[in-house]
Amino acid sequence: MTNYLIHNLLGNANTGAQFAEIPGTGDAQSRYCSYGDVLQMSARFANALVERGVKPGDRVAVQVPKSIEALMLYLAAVRAGAVFLPLNTAYTKGEVAYFLNDAEPSIFVCAPERLDEYSAFTKELGIKIETLGVWTGPQVSSGSLTDAGLGAPRTFKNVDRGPEDLAAILYTSGTTGRSKGAMLSHRNLFSNAQSLTELWEFSNQDVLLHALPIFHTHGLFVATNVTLLAGASMIFLPGFDADEVVRHLPRATSMMGVPTFYTRLLDDPRFDSKLVSHMRLFISGSAPLLSETHTAFEERTGHRILERYGMTETNMNTSNPYIVEGNKGRRAGTVGFPLDDVELRICESESGKEVAPGDVGVIEVKGPNVFSGYWKMPDKTAEEFREDGFFITGDLGKIDPDGYVHIVGRAKDLIISGGYNIYPKEVELLLDEQEGILESAVVGVPHPDFGEGVIAVVVPSTPEFDPVATLSLIKPQIARYKQPKLLHVMDELPRNTMGKVQKNVLRELLHDSFSG
Ligand code: MLC
Ligand code: AMP
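Residues numbered from 1 in each chain as written. Chains lettered and ligands numbered in written order. Predicted model: local features only at pLDDT ≥ 70, side-chain atom pairs only at ≥ 80, totals over all residues. Heavy atoms only, no water.

Trainee: Which parts of the structure should I look at to understand the overall build of the protein chain?
Mentor: The secondary structure content of the protein chain amounts to 16 helices and 25 strands. The globule rule puts the C-alpha radius of gyration for 516 residues at 24 Å, and the 23 Å found for the protein chain is close to it. Going through the 516 residues of the protein chain one by one, you find that 57% of them count as buried. Looking at the protein chain alone, contacts between residues at least 24 apart form 66% of all its contacts between residues at least 6 apart. Carbon and sulfur atoms provide 51% of the accessible area of the protein chain, an area that totals close to 21500 Å². (Helix = DSSP H or I, 4+ residues; strand = E, 2+ residues; numbered from the N terminus. Rg over C-alpha atoms; globule rule 2.2 N^0.38 Å. Buried < 20%, exposed > 50% of the residue type's maximum accessible area, 1.4 Å probe, protein only. Contact = heavy atoms within 4.5 Å. Areas by Shrake-Rupley, 256 points an atom, 1.4 Å probe, with all protein chains shown as cover.)

Shown next as structure tokens:
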């Protein structure tokens, strides 16, 4: 036996090839990381984890800013046979406490500056806490785990793990307001990396401009695993910043992003066909790419963005083809075809019966990419799978006569803002707890930058209700991106005859709130 994911991703790595350039800011020099460094750095961290008592199957929870060290910690956890559990850096203390309580990791790694905030409750939960920063040079301490890694051996005997063993748990919010941990196996991650690398023709000649966060599927698995498998390299930016992207695009061959990346680039006059004439591929996903954006991008640059569709629970399900033109080429407004090893069907939500060709229904998928279930939630898992093993995505779609999948809406009450998911229920529960609020409804409406923007509609219980004070009260409690960008006051919420809040009426009413 070997370690399935690591063996397949890194087994044939050319240790001399470059894996990542980490550009310095201002005059600071770039750092470079070869595939040899990847093996050594991840071995050092794997040794450090094992020294700290991490055993196969243990969860390693991590909430740290994007860095190459953080990426190596992902590989280290998998090499040690553990289950990597990355957390969005925007999560507040309360949110992190929920995840740690639920996942019961043996170790939690946070940024040095958040150690004080987290020490007390991790102690209460009996979870070891360590810190990870960026290694800037000898004698410069930047975190307990960073230091331990530097002092640890540079070789590590990978812990044996089979294809069905867990490699990661990623939390996704739930329609009930309670987040669920999607359990992803070595096979889930590798099969998807393999399909995408082939389909998108990634090779060791590629240089991926990496500006996505590395705590979600897109930046962590799609971008990183594809790069590793192809033996390609990346320019590893701390986040999306149009100046930095424009600065580094000339040396990249490919880029992956959420639609906001592309609309922001289109807003920048420096982003033109000359800047990107050498580029091989622009990929978009995690949120709908408007046809107008697709068209404007092609007009400006001559490139047709390749749109694909995925989820935390399933990795990638469909993709537009690599081929650009023709009747089997990339098409705006579609997410392309199911991946070779993915079965996809469109069904009636209640009965689960397949709809007639071309009709709209819920998208269901099955394949080696699909997760094994929600952590400690067998009932919830059972609810979201059909008896024949298809996973009910909650996305509404149709398949056109040429076989292209179109996403036309969502059966789940979900807002996607700048590629981040926000479940209205979670925000509503929090608002309803606030003094002066009788009830609330949270909706997403078109937003020029984030695609959708969050608005809370509240019915006050008192005439003294103060919207500004309320917004500042919830500020420390949930991640910034989930917080309503506007609070709209109403005397009552529109309801149908069954008493259900008519969110479509609210969305229509507030449609132009950000664009008007
Ligand atoms: C930041 N803010 C957001 C936000 N990002 N608000 C709503 N939605 C978002 N996505 C807040 C900030 O806290 C700030 O609040 C204000 O908006 C302006 O911030 P900014 O500086 O303009 O934002 P920025 O840091 O540039 O981030 C925007 C972004 C980022 C689009 C670059 O959100 C991002 O990297 N998104 C990618 C998400 C992603 O990787 N998704 C993949 C999920 S995996 P204030 O009030 O403090 O000023 C998945 C599966 C799949 O979905 O298919 O891939
Ligand atoms: P997440 O749970 O963060 O992984 O988000 C997954 C959801 O993002 C999916 O269920 C879809 O609703 C949405 N999504 C991902 N890619 C696309 C896309 N290309 N077009 C439309 N929606 C998408």
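Trainee: Would you take a moment to explain the sheet that holds strand E17 (residues 361–366) for this structure?
Mentor: In sheet architecture, strand pairing relies on hydrogen bonds along the backbone and comes in two forms, parallel and antiparallel. Taking strand neighbours across the sheet as the criterion, the four strands line up as E16-E17-E19-E20 in an open arrangement whose pairing is antiparallel. Only two strands of the sheet have a single partner each, and these edge strands are strand E16 (343–347) and strand E20 (405–410). Averaged over all adjacent pairs, the angle separating strand axes in this sheet is 50°, with direction ignored. (Pairing = 2+ DSSP bridges. Axes fitted to C-alpha atoms, helices over the stretch in contact; angles between N-to-C directions.)

Trainee: Would you mind going over the side chain of Thr 224 with me for this structure?
Mentor: Relative to the assigned elements, Thr 224 resides in helix H8 (residues 217–230). Within the local environment of Thr 224, its side chain forms a polar contact with the backbone oxygen of Gly 219, the two atoms lying 3.0 Å apart. Leaving out residues up to four positions away in the same chain, Thr 224 has contacts with Phe 19, Leu 71, His 210, Gly 219 and Met 234. (Polar contact = N/O pair within 3.5 Å; in protein donor to acceptor, adjacent residues only side chain to side chain.)

Trainee: It is not clear to me how the nonpolar core should be interpreted in this structure. Could you clarify?
Mentor: Proteins that are soluble and globular tend to have nonpolar side chains buried together. Membership of the largest hydrophobic core comes to 109 residues, with the highest contact counts inside it found for Phe 19, Ile 68, Tyr 74, Leu 249, Met 255 and Phe 282. Of all the elements, helix H3 (residues 68–79) adds the most residues to this core, at ten residues. Not counting residues up to four positions away in its chain, the partners in contact with Phe 282 are Leu 249, Met 255, Tyr 262, Phe 271, Val 276, Phe 297, His 303, Arg 304, Ile 305 and Leu 306. In this structure, Phe 99, Phe 108, Tyr 171 and Ala 456 belong to the second largest nonpolar core, which totals 36 residues. (Core = buried A, V, L, I, M, F, W, Y, C linked by side-chain atoms within 4.5 Å.)

Trainee: Honestly, the environment of Leu 339 in this entry has me stumped. Any pointers?
Mentor: One can find Leu 339 in the loop between strand E15 (337–338) and E16. Its relative accessible area of 4% is what places Leu 339 among the buried residues. Linking Leu 339 and Ser 319, residues 20 residues apart in sequence, is a C-alpha distance of 6.6 Å. Those residues in contact with Leu 339 that sit more than four places away from it in its chain are Asn 192, Ser 195, Leu 196, Leu 199, Met 316, Asn 317, Thr 318 and Ser 319.

Trainee: Explanation requested: the pairing of strand E13 (residues 306–311) in the structure shown.
Mentor: On a regular strand, one side chain projects to one face of the sheet and the next to the other, so that they alternate. In terms of residue burial, E13 counts as a mostly covered element, since five of its six residues are buried. The pairing of strand E12 (residues 281–284) with E13 spans two bridges and is parallel. Following the sheet pairing, Ile 283 is matched in E13 by Leu 306. Bridging between E13 and strand E14 (residues 315–319) involves four bridges; their strand directions are antiparallel. Paired with Arg 308 across the strands is Ser 319, a residue of E14. Following E13, the chain reverses through three residues before pairing antiparallel with E14.

Trainee: Looking at this structure, how should I read the site of ligand 1?
Mentor: Ligand 1 sits among 23 residues. The nearest are Arg 264, Ser 286, Arg 308, Ser 417 and Arg 480. The side chain of Arg 308 places a nitrogen or oxygen atom 2.7 Å from an oxygen atom of ligand 1. For ligand 1, a nitrogen atom lies 2.9 Å from a polar atom in the side chain of Lys 485. Look at ligand 1: alone it shows 1000 Å² of surface, and the protein chains cover 73% of it. Within the residue set of the shell around ligand 1, elements represented by two or more residues are H8, helix H10 (259–266) and E13. Across the shell around ligand 1, the residue classes tally to ten nonpolar, nine polar and four charged. No fewer than three residues from each of domain 1 (4–239) and domain 2 (414–509) sit in the shell around ligand 1. (Near = heavy atom within 4 Å. Nonpolar A, V, L, I, M, F, W, Y, C, P; charged D, E, K, R; others polar. Domains from an automatic or database assignment.)

Trainee: Is there a simple way to explain the domain arrangement of the protein chain in this structure?
Mentor: One frequently used descriptor of interface size is the decrease in accessible area upon assembly of the parts. For the protein chain, the assigned domains are domain 1 (4–239) and domain 2 (414–509). On a C-alpha basis, the centres of domain 1 and domain 2 stand 34 Å from each other. Across the contact, 13 residues belong to domain 1 and 14 residues belong to domain 2. Of the roughly 970 Å² buried at the junction of domain 1 and domain 2 (both faces included), carbon and sulfur atoms supply 54%. There are one salt bridge connecting domain 1 and domain 2. Residue composition of the side of domain 1 that touches domain 2, grouped by class: four nonpolar, eight polar and one charged. (Buried area = accessible area lost by both parts, 1.4 Å probe. Salt bridge = Lys/Arg side-chain N within 4 Å of Asp/Glu carboxyl O.)

Trainee: Got a minute to help me understand the packing of aromatic side chains in this structure?
Mentor: How two aromatic rings sit relative to each other is given by the distance of their centres and the angle of their planes. This model, assessed by the stated rule, comprises 22 aromatic pairs. An angle of 40° between the planes, with centres 4.4 Å apart, marks the rings of Phe 337 and Tyr 404 as tilted. Placement of the pair is Phe 337 in strand E15 and Tyr 404 in the loop between strand E19 (391–399) and E20, with a sequence separation of 67 residues. Both residues of the pair, Phe 337 and Tyr 404, belong to the buried class. Ring pairs connect the aromatic residues Tyr 91, Tyr 98, Phe 99 and Tyr 171, which therefore count as one cluster. Geometry around Phe 390 places Arg 345 over its ring, the cationic atom sitting 3.7 Å from the centre. (Phe/Tyr/Trp six-rings, centres within 6.5 Å; stacked < 30°, edge-to-face > 60°. Lys NZ or Arg CZ within 6 Å of the ring centre and 35° of its normal.)

Trainee: Just to check I follow, could you spell out helix H6 (residues 144–151) for this structure?
Mentor: Two residues of an α-helix separated by three or four positions point the same way, owing to the 3.6 residues in each turn. Within H6, burial applies to Leu 145, Thr 146, Ala 148 and Gly 149. The arc that holds every buried residue of H6, seen down its axis, measures 165°, which confines them to one face. (Arc of directions from axis to C-beta.)

Trainee: Hey, could you run me through the side chain of Ser 185 in this one?
Mentor: On the secondary structure map, Ser 185 appears in strand E8 (residues 180–185). Given the relative accessible area of 3%, Ser 185 is considered buried. Residue contacts for Ser 185: discarding those within four places in its chain leaves Pro 163, Glu 164, Asp 165, Leu 166 and Ala 167.

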